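Structure assessment
Given next are the chains, with one letter for each unit.
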Amino acid sequence: SSGINAEYGGALTFMVGGESDRFAEVKSYLDHMGANIIHCGPNGNGLVVKLCNNMMLAISMIGAAETLNMGIKMGMDRKLLSEILGKSTARCWSIDTYNPVPGVMEGVPASRDYSGGFGATLMLKDLGLAKLMADASESPIVLGNMANQIYDELCKDEEFAPKDFGVIFKKLSEQ
């Protein structure tokens with residue numbers, strides 16, 4: 001986890017499930033690929049954390065995209081709005097590290113017509129798996145279900161499906 005820039009910079013976070021002694025055996029190898037190598041407990045817990053992370057990320061990206069779109073449509077400068085939100089209580093990774101608005105940040109998918117990055121279809125897949133996990137654990141995920149519906153609708157459009165999941169901003173801004 002941690003995004004495409006972290007991948008290229010060797011700063012990924014690895015969430016690993018498994019027996020403690022086996023984790024200790026592989027950690028030194030993972031240390032070469034990431035900055036944060038975290039043992040999450042028994043087998044399967046790494047996946048649990050990854051799905052929780054991606055569900056939260058999808059919800060956050062939708063919220064960031066809606067908010068930025070509204071502010072820009074109300075006349076705010078996209079860079080100034082992003083700067084203020086990135087320094088206020090609205091601060092989140094989707095605003096200050098992976099901003100979905102073209103022309104705000106260099107090196108993020110929004111600066112490349114949403115190419116590269118984490119695909120919208122992959123996000124939809126993870127949201128579907130998170131939904132199965134929530135059903136199995138009888139955990140309510142009202143916003144997770146809404147995010148799943150939003151990305152499901154987004155991925156039905158051939159223009160948006162192959163793009164980075166931040167393309168939700170583009171879809172909203174065109175409505």
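Summarised in this report is the structure supplied together with it.

1. Some details on the overall build of the protein
Each helix and strand in the protein was counted, giving 8 helices and 2 strands. Of the regular secondary structure in the protein, the N- to C-terminal order runs α-β-α-β-α-α-α-α-α-α. For the protein, whose C-alpha radius of gyration is 17 Å, the value lies close to the compact-globule estimate of 16 Å for 175 residues. Counting only C-alpha atoms and orienting by the principal axes, one finds that the protein spans roughly 55 × 35 × 35 Å.

2. Some details on the packing of helix H6 (residues 120-137) against helix H7 (residues 142-155)
Two elements in contact, H6 and H7, have axes separated by 9 Å at closest approach and are oriented at 145°. Our pair here, H6 against H7, has a crossing hand that is left-handed. Of the residues in H7, those touching H6 at Ala120, Thr121, Met123, Leu124, Leu127, Gly128 and Lys131 are Gly144, Asn145, Ala147, Asn148, Tyr151, Asp152, Leu154 and Cys155.

3. Considering unusual backbone geometry
Positive phi values are uncommon outside glycine, yet Asp113 reaches one of about 55°. Its place among the elements puts Asp113 in the loop between helix H5 (93-96) and H6. For Asp113, a relative accessible area of 41% puts it in the partly exposed group. A positive phi angle, near 55°, is found at Glu138, a position not held by glycine. Mapped onto the elements, Glu138 comes out in the loop between H6 and H7. The exposed category is assigned to Glu138, whose relative accessible area is 73%.

4. Brief notes about the pattern of salt bridges
For the structure shown, the criterion picks out 11 salt bridges. For Asp113, the salt bridge is made with Lys170, and the minimal N-O distance between the two is 3.6 Å. Here the residue Asp113 occupies a position in the loop between H5 and H6, and Lys170 occupies one in helix H8 (residues 168-173), the gap between them amounting to 57 residues. Of the charged contacts, one joins Lys131 and Asp135 as a salt bridge, the two residues approaching to 3.6 Å between their closest N and O atoms. Within this pair, Lys131 and its partner Asp135 are both found in helix H6, separated by 4 residues, close to a single helical turn.

5. Brief notes about the pairing of strand E1 (residues 12-16)
E1 sits mainly inside the fold: 4 of its 5 residues count as buried. Where E1 meets strand E2 (residues 34-39), 5 bridges bridge the pair, whose relative direction is parallel. Within the sheet, the bridge partner assigned to Met15 lies in E2 and is Ile38.

6. Describing H6
With 18 residues, H6 should reach 26 Å at 1.5 Å per residue; the first-to-last C-alpha distance of 25 Å fits that figure. Each element contacted by the buried residues of H6 is listed here: helix H3 (45-73) and H7. Looking one or two places after H6, you find Glu138, whose phi comes out positive at around 55°.

Cut-offs and rules
- Residues numbered from 1 in each chain as written.
- Predicted model: local features only at pLDDT ≥ 70, side-chain atom pairs only at ≥ 80, totals over all residues.
- Heavy atoms only, no water.
- Helix = DSSP H or I, 4+ residues; strand = E, 2+ residues; numbered from the N terminus.
- Rg over C-alpha atoms; globule rule 2.2 N^0.38 Å.
- Axes fitted to C-alpha atoms, helices over the stretch in contact; angles between N-to-C directions.
- Left-handed = near helix turned anticlockwise from the far one by under 90°.
- Contact = heavy atoms within 4.5 Å.
- Buried < 20%, exposed > 50% of the residue type's maximum accessible area, 1.4 Å probe, protein only.
- Salt bridge = Lys/Arg side-chain N within 4 Å of Asp/Glu carboxyl O.
- Pairing = 2+ DSSP bridges.
- Expected span 1.5 Å × (residues − 1).

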